[in-house]
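Coordinate inspection notes
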Amino acid sequence: MRLSRFFLPTLKEDPKEAQIVSHRLMLRAGMIQQSSAGIYSWLPLGYRVLKKIEQIVREEQNKAGALEILMPTIQPADLWRESGRYDDYGKEMLRITDRHERDMLYGPTNEEQVTDIFRSHVKSYKDLPLNLYHIQWKFRDEVRPRFGIMRGREFLMKDAYSFDLDYEGAKTAYNNMFVAYLKTFDRLGLKAIPLRADTGPIGGDLSHEFVVLADTGESEVFYHKDLLSLATPEKADYSSDELQEIVDMWTDYYAAADDMHDAENCPVAEGDLVSRRGIEVGHIFHFSDKYSKPFGASVAGPDGKDSIVSMGSYGIGVSRLVGGIIEASHDDDGIIWPDSVAPFDIGLINLKSGDEACDAACDEFYGKLTAAGADVLYDDTSGRAGEKFAKMDLIGLPWQATIGPRGVKSGMVEVKNRRSGEKQELDMDAALKLLVG
RNA sequence: CGGGGCGUAGCACAGCCUGGUAGUGCGCUCGCUUUGGGAGCGAGAGGUCGCAAGUUCGAAUCUUGCCGCCCCGACCA
């Protein structure tokens, strides 16, 4: 992609409304534009990142055996009256009346909707276990949206829902998602820790939050120092017992959010306890028959008798992760994207656009990178060097390749790693080898 | 929902107290000079001063109401 043909409205100065670093950088890097409080448009650069994260989440859900569906954003109130949540949910739920005076709502979550789908079609234990997920926009009318995309009112979320015959099956489904989450956050380049969580209004007895570590995170977490050295599970398939072992291994270590942490009675020795800040990006629940019972979601068991299915739900804040990743990975100059979610792989800078030799060298290098399958943002604009470097640092592509009058005669390319800052002068072939293998 | 703050050009702001023809920096356009870390000079374009009512000969400025946005707290993917 040539920058001259791209839409990248970057800002040199900090917008005043943005306090936290991810919000500031997203606005400055031209990733998003606020539409109203807590509601944003995604501009090309931001949208690319959002889509990359979404795709990784999707791939890991698919690998875990979950099936993708797509449920509507607008739901009928009657469904929520069946579970009793229409009255319980309060003002955070955006309520809408259609032209026929029917009560509708913009979904803040989809337990009712998915349980309705399940009960309409699934009648036998032979169809279990089942895990349905979707990646869809949600709306919660927060009293006070803040932190940009991290705590918006409209947000993109992956939510999965598992259905099992009994508690044992549900627990395996839960463990399966637990492990899928470890793999997902690892692929996103994040350090995530599972915290035993309060189950809150949804209820249930098995629940974990996944918190991404970032110095600027919203809440404080305490955990045993060895927790982070655990290896992320790699195998494609695990048996129920293996899943349980992995979950046990991860949850044996102490980890708690500040509201659950009791310094006086903490089981971890002071020297082994680490305190850092974090951002909640995922939440998994087992909630048994909370929805299946009022909805009459039951299946015939092997004995021919109907039994209510046991459910769980598993959320990942996809849009929030964009901010979370930036919080966890940036410096004074801008964003530092992990390779897996970077909007482009490489930024190519033509230091003297309009100069015949520079243009020719850049065009050639751009062609080779692209032919090798790299996604390249090629700054072919007529801007000044400093401006180009600063902009490239700001948008945080993992690699920068610079071609300017100084090195062009000898066919040299300067390659810089955004994260380490390390620069090296290479001839075009060596640079190509480094960047695209 | 309690408390606080702010709405003036695309962005950041000054002007308001003490009413009198709307300004600065960045960005944008054109020209010249520059050219390896957000350039210099010159010339331009761009604003019903959030909206409405009121006071006044005259309102960005004073008064009232409304709307929007931000921050702190309680609450949450």
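Counting restarts for each chain, with residues numbered from 1 along the sequence as it is written. As they are written, the chains are lettered A onward and the ligands numbered 1 onward, keeping that order. Given that the model is predicted, a residue must reach a pLDDT of at least 70 before its local features are reported, and side-chain atom pairs must reach 80 or more before they are shown or counted; all residues, however, enter totals for whole chains, interfaces and linings. Neither water nor hydrogens contribute to the side-chain values; these are computed over all heavy atoms in the structure.

**Details of the packing of helix 1 (residues 21-28) against helix 9 (residues 318-328)**
Simply put, an axis is a line fit to the C-alpha atoms, just over the touching stretch for a helix, and the angle between two N-to-C directions goes from 0 to 180 degrees. Helix and strand assignments come from DSSP, with helices taken as H or I runs of at least 4 residues and strands as E runs of at least 2, each series counted from the N terminus. In contact at an axis separation of 8 Å, helix 1 and helix 9 are set at 105° when each is read in the N-to-C sense. When the axis of helix 1 is compared with that of helix 9, the two are roughly perpendicular. In this structure, helix 1 uses Val21, Ser22, Leu25 and Met26 to contact helix 9, whose residues at the interface are Val322, Gly323, Ile326 and Glu327. We call Asp, Glu, Lys and Arg charged. Ala, Val, Leu, Ile, Met, Phe, Trp, Tyr, Cys and Pro are nonpolar, and the rest, Gly among them, are polar. Of the residues assigned to the contact of helix 1 with helix 9, the class counts are five nonpolar, two polar and one charged. In this scheme, roughly parallel covers angles under 35 degrees and roughly antiparallel covers those over 145, while 65 to 115 is roughly perpendicular and the rest are oblique. When checking whether two residues touch, look at their non-hydrogen atoms; a contact exists if any pair is within 4.5 Å.

**Quick look at the sheet that holds strand 23 (residues 423-427)**
For two strands to count as paired, DSSP must find a minimum of two bridges between them. Across the sheet, five strands lie side by side as 20-19-21-22-23; this open sheet has mixed pairing. Since the sheet does not close on itself, it has two edges, and those belong to strand 20 (376-379) and strand 23, each with one partner. Ignoring which end each strand starts from, the neighbouring axes of this sheet average 25° apart. Two elements, strand 22 (residues 412-417) and strand 23, share five bridges in a ladder whose sense is antiparallel. Paired with Val413 across the bridge in strand 23 is Leu426. Along the sheet, helix 10 (residues 356-371) contacts strand 19 (346-350), strand 20, strand 21 (399-403) and strand 22; its crossing angle with strand 19, the most-contacted strand, is approximately 165°.

**Topic: the protein's contact with RNA strand B**
In the vicinity of RNA strand B lie 44 residues, with Lys12, Arg144, Arg146, Glu280 and Asp393 positioned nearest. Near is defined per residue: the residue qualifies when any heavy atom it owns lies within 4 Å of the molecule or strand. Protein-adjacent atoms of RNA strand B, using a 4 Å cutoff, are sugar or phosphate at a proportion of 43%. Contacts to RNA strand B include His283, whose side-chain N or O atom sits 3.4 Å from a phosphate oxygen. Each polar contact in these results corresponds to two N or O atoms within 3.5 Å; when the atoms are within protein, one needs to be able to donate a hydrogen and the other to accept it, and residues that are neighboring in sequence are counted only if both atoms are side-chain atoms. Take Glu387: an N or O atom from its main chain is 3.4 Å from a sugar or linking oxygen of RNA strand B.

**Focus: the sheet that holds strand 5 (residues 94-97)**
Reading across the sheet, the three strands line up as 4-6-5 and stay open at both edges, with antiparallel pairing between neighbours. A single partner strand is all that each edge strand has here, and the edge strands are strand 4 (74-76) and strand 5. Between one strand and the next, the sheet's axes are offset by a mean angle of 35°, whatever the strand orientation. Across four bridges, strand 5 lies against strand 6 (residues 103-106) in antiparallel orientation. The residue bridging Arg95 from the neighbouring strand is Leu105, located in strand 6.

**A closer look at helix 1**
Any residue under 20% of the maximum accessible area for its type is buried, any over 50% is exposed, and the rest in between are partly exposed; the area is computed with a 1.4 Å probe on protein chains only. Most of helix 1 is tucked away: seven of the eight residues are buried. Within the span of helix 1, buried status applies to Val21, Ser22, His23, Leu25, Met26, Leu27 and Arg28. Those residues of helix 1 hidden inside the fold are in contact with strand 1 (32-36), strand 2 (39-42), helix 9, strand 17 (330-331), strand 18 (334-335) and helix 11 (385-395). Downstream of helix 1 by one or two residues, Gly30 has phi in the positive range, about 65°.

**Some remarks on the pairing of strand 10 (residues 206-213)**
The two faces of a sheet get side chains in turn, since along a regular strand they alternate between them. With respect to burial, strand 10 is a largely interior element, eight of its eight residues being buried. Taking every second residue as pointing to the same face, both faces of strand 10 are buried, with Leu206, His208, Phe210 and Val212 on one and Ser207, Glu209, Val211 and Leu213 on the other. As paired elements, strand 9 (residues 192-196) and strand 10 share five bridges and run antiparallel to each other. If you follow Arg196 over to strand 10, its bridge partner there is His208. Relative to strand 13 (residues 273-288), strand 10 runs antiparallel, the two sharing eight bridges. Across the sheet, the residue bridging to Val211 is Glu280, located in strand 13.

**A short note on the packing of aromatic side chains**
Between the rings of Phe, Tyr and Trp (Trp by its six-membered ring), a pair exists once the centres lie within 6.5 Å; its type follows the angle of the planes, with under 30 degrees stacked, over 60 edge-to-face, and the other angles tilted. A complete count under the given rule lists 11 aromatic pairs for this structure. Centroid distance Tyr106 to Phe139: 5.7 Å. Interplanar angle 55°. Geometry classified as tilted. Placement of the pair is Tyr106 in strand 6 and Phe139 in strand 7 (residues 130-139), with a sequence separation of 33 residues. Judged by its relative accessible area of 6%, Phe139 falls in the buried class. Here Phe118 and Phe163 contribute two aromatic rings whose centre-to-centre distance is 4.2 Å and whose plane-to-plane angle is 10°, an arrangement assigned as stacked. Of this pair, Phe118 sits in helix 5 (residues 111-121) while Phe163 is found in strand 8 (residues 154-164), placing the two residues 45 residues apart along the sequence. Taken as a pair, Phe118 and Phe163 share a single burial class, namely buried. Through pairs of rings, three or more aromatic residues link up here, namely Phe178, Tyr181, Phe185 and Phe210.

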